[in-house]
Amino acid sequence: MRKIYYLAFAALLVSCGNSSKELKAQAEKDSLQNVIDQKDTEINDLMGIFNDVQDGFKLINEAENRVNMLKANAESNGAKANIRENMQFIQERLQENRQKIEELQRKLDQSSIIAAKFKEAVATLQQQLDEKNQQLDELRMQLSIKDQKIAALGDTLTSLKDENTQVKAEKDRSEMIARNQDEQLNTAWYVFGTNKELKSHNILIKGDVLKGNYDANYLTKIDIRKTTVIPLNSKSATILTTHPTGTYTLLKDSKGLYTLRISDPAKFWSVSKYLVIKTK
């Protein structure tokens, strides 16, 4: 009977020993799992930030391409506005990437992960960020130079417009002077009337023609290029002013009324631009 008790007690001790080992093993397993979970969390956190930085560089590259395409038409207001928007976008994305890279470096320093390759990747991101900042400065300089050229071109165009305006004004004045001179050269005055009518307007004074203070409003102004026929409505016509022979004819119509026809206007009016004819 006593032997049975010893066997049972021994079995109990063995059982307790096994349970203790299982508990210890489970505890070690749980601790290891916690370490793995922690490292997974850290890695996922780092990779999330890393991917955000890469996405940021992708957006920056796209914005840079847009700016480079818009530079060709930087003088237009629409292109200028788009360039400003994209440059502002690039600046903001670079600032965000700078902050995320600093966060990555800080988390790596505090992390339990020993990952040389990951640190190298972060260093590469930092180098890329520095290069992008340099490219942004160069892009700003290029745009500044282009703005200066556009401004200079604008000044040149303004100057040319002013010069063109002056040239046009001079041309207009010259043309007006030429028209006035042409009009004067081709303007003449004529009058016909009876002896009494001509005297009443001081056209004829004691046998002299247009010598005194005659009534200029009584004369008719004509363009010698257009007026070559003057109906006199009279059966008697005597030209009192001097005009070369052979440059005109006095013709009678069926009613015996005279009409003056000028065959060579330039020569007819070369001696005098005034024509006075006495009729009855």
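Basis of the calculations
Residues numbered from 1 in each chain as written. Predicted model: local features only at pLDDT ≥ 70, side-chain atom pairs only at ≥ 80, totals over all residues. Heavy atoms only, no water. Salt bridge = Lys/Arg side-chain N within 4 Å of Asp/Glu carboxyl O. Pairing = 2+ DSSP bridges. Helix = DSSP H or I, 4+ residues; strand = E, 2+ residues; numbered from the N terminus. Axes fitted to C-alpha atoms, helices over the stretch in contact; angles between N-to-C directions. Phe/Tyr/Trp six-rings, centres within 6.5 Å; stacked < 30°, edge-to-face > 60°. Buried < 20%, exposed > 50% of the residue type's maximum accessible area, 1.4 Å probe, protein only. Core = buried A, V, L, I, M, F, W, Y, C linked by side-chain atoms within 4.5 Å. Contact = heavy atoms within 4.5 Å. Polar contact = N/O pair within 3.5 Å; in protein donor to acceptor, adjacent residues only side chain to side chain.

Student: Teacher, can you tell me more about the pattern of salt bridges here?
Tutor: In a structure, side chains of opposite charge can pair up when their charged atoms sit close to one another. A complete count under the given rule lists ten salt bridges for this structure. In the salt-bridge network here, residues are joined through shared partners; they are Glu92, Arg93 and Glu96.

Student: What am I meant to see in the sheet that holds strand E8 (residues 258-262) here?
Tutor: Within a sheet, neighbouring strands are paired by backbone hydrogen bonds and run either parallel or antiparallel to one another. Taken in spatial order, the three strands line up as E5-E8-E7 in an open sheet, and their pairing is antiparallel. Looking at the sheet topology across the chains shown, the edges are occupied by strand E5 (229-231) and strand E7 (248-252). Across the sheet, the axes of successive neighbouring strands diverge by a mean angle of 20°, strand direction being ignored. Of the pairings in the sheet, the one linking E5 to E8 comprises three bridges and is antiparallel in character. What sits directly across from Ile230, in E8, is Leu260.

Student: I'm lost on the environment of Lys58 in this one. Help?
Tutor: Position of Lys58 among the secondary structure elements: in helix H1 (residues 2-70). Expressed as a C-alpha distance, the spacing of Lys58 and Arg93, which sit 35 residues apart in the sequence, is 10.0 Å.

Student: Looking at this structure, how should I read the packing of aromatic side chains?
Tutor: Two numbers describe a pair of aromatic rings. These are the distance of the centres and the angle of the planes. Tallied over the full model, the rule gives four aromatic pairs. Taking 6.3 Å as the distance between ring centres and 5° as the angle between the ring planes, the aromatic pair formed by Tyr190 and Phe192 counts as stacked. Overall, Phe192 belongs to the partly exposed group, its relative accessible area being 27%. Pairing Tyr248 with Phe268 gives two aromatic rings, centres 5.5 Å apart and planes at 75°, and the pair type is edge-to-face.

Student: Please explain the nonpolar core as it appears in this structure.
Tutor: In this structure, Val67, Met87, Ile90, Leu104, Phe118 and Leu125 are the most contacted members of the largest nonpolar core, which totals 22 residues. Only H1, helix H2 (77-110) and helix H3 (116-185) provide two or more residues apiece to this core. The greatest single-element share of this core, amounting to eight residues, is contributed by H1. Those residues in contact with Leu125, other than ones at most four positions away along the chain, are Phe50, Val53, Gln54, Phe57, Ile101 and Leu104. Ala188, Ala237, Leu260 and Ile277 belong to the second largest nonpolar core, which has 15 residues in total.

Student: Got a minute to help me understand the side chain of Asn97 in this structure?
Tutor: As for its position among the elements, Asn97 is in helix H2. Judged by its relative accessible area of 2%, Asn97 falls in the buried class. In contact with Asn97, other than residues within four places in its own chain, are Asp52, Val53, Gly56, Phe57, Ile60 and Leu129.

Student: What am I meant to see in the side chain of Ser272 here?
Tutor: For Ser272, the position within the fold is in the loop between helix H5 (265-268) and strand E9 (274-279). Residue Ser272 is classed as buried on the basis of its relative accessible area of 19%. There is a polar contact of 3.0 Å between the side chain of Ser272 and the backbone nitrogen of Tyr274.

Student: Any chance you could explain the sheet that holds strand E4 (residues 220-223) here in plain terms?
Tutor: Read from one edge to the other, the open sheet built from four strands follows the order E4-E1-E9-E6, with strand pairing classed as mixed. The strands lining the two open edges of the sheet, one partner per strand, are E4 and strand E6 (237-239). Neighbour-to-neighbour, the strand axes of this sheet turn through a mean angle of 30°, independent of strand direction. One ladder, built from five bridges, connects strand E1 (residues 187-193) with E9; its direction is parallel. In the sheet register, Trp189 faces E9, and the bridge partner there is Tyr274.

Student: Hey, could you run me through the pairing of E1 in this one?
Tutor: The side chains of a regular strand alternate between both faces of the sheet. Here E1 lies mainly inside the structure; five of its seven residues are buried. Pairing analysis gives four bridges linking E1 to E4, with the strands arranged antiparallel. What sits directly across from Trp189, in E4, is Lys221.

Student: Where do I start with unusual backbone geometry in this structure?
Tutor: Peptide bonds are, in most cases, trans, and in most cases residues other than glycine have a negative phi. Its identity is not glycine, yet Leu210 carries a phi of approximately 55°, on the positive side. Structurally, Leu210 can be placed in the loop between strand E3 (208-209) and E4. The phi torsion at Asn233 lies on the positive side, around 50°, for a residue other than glycine. Looking at the secondary structure, you find Asn233 in the loop between E5 and E6. Relative accessible area serves as the criterion here: at 58%, Asn233 is assigned to the exposed category.

By themselves, these figures tell us nothing about what the structure is for.
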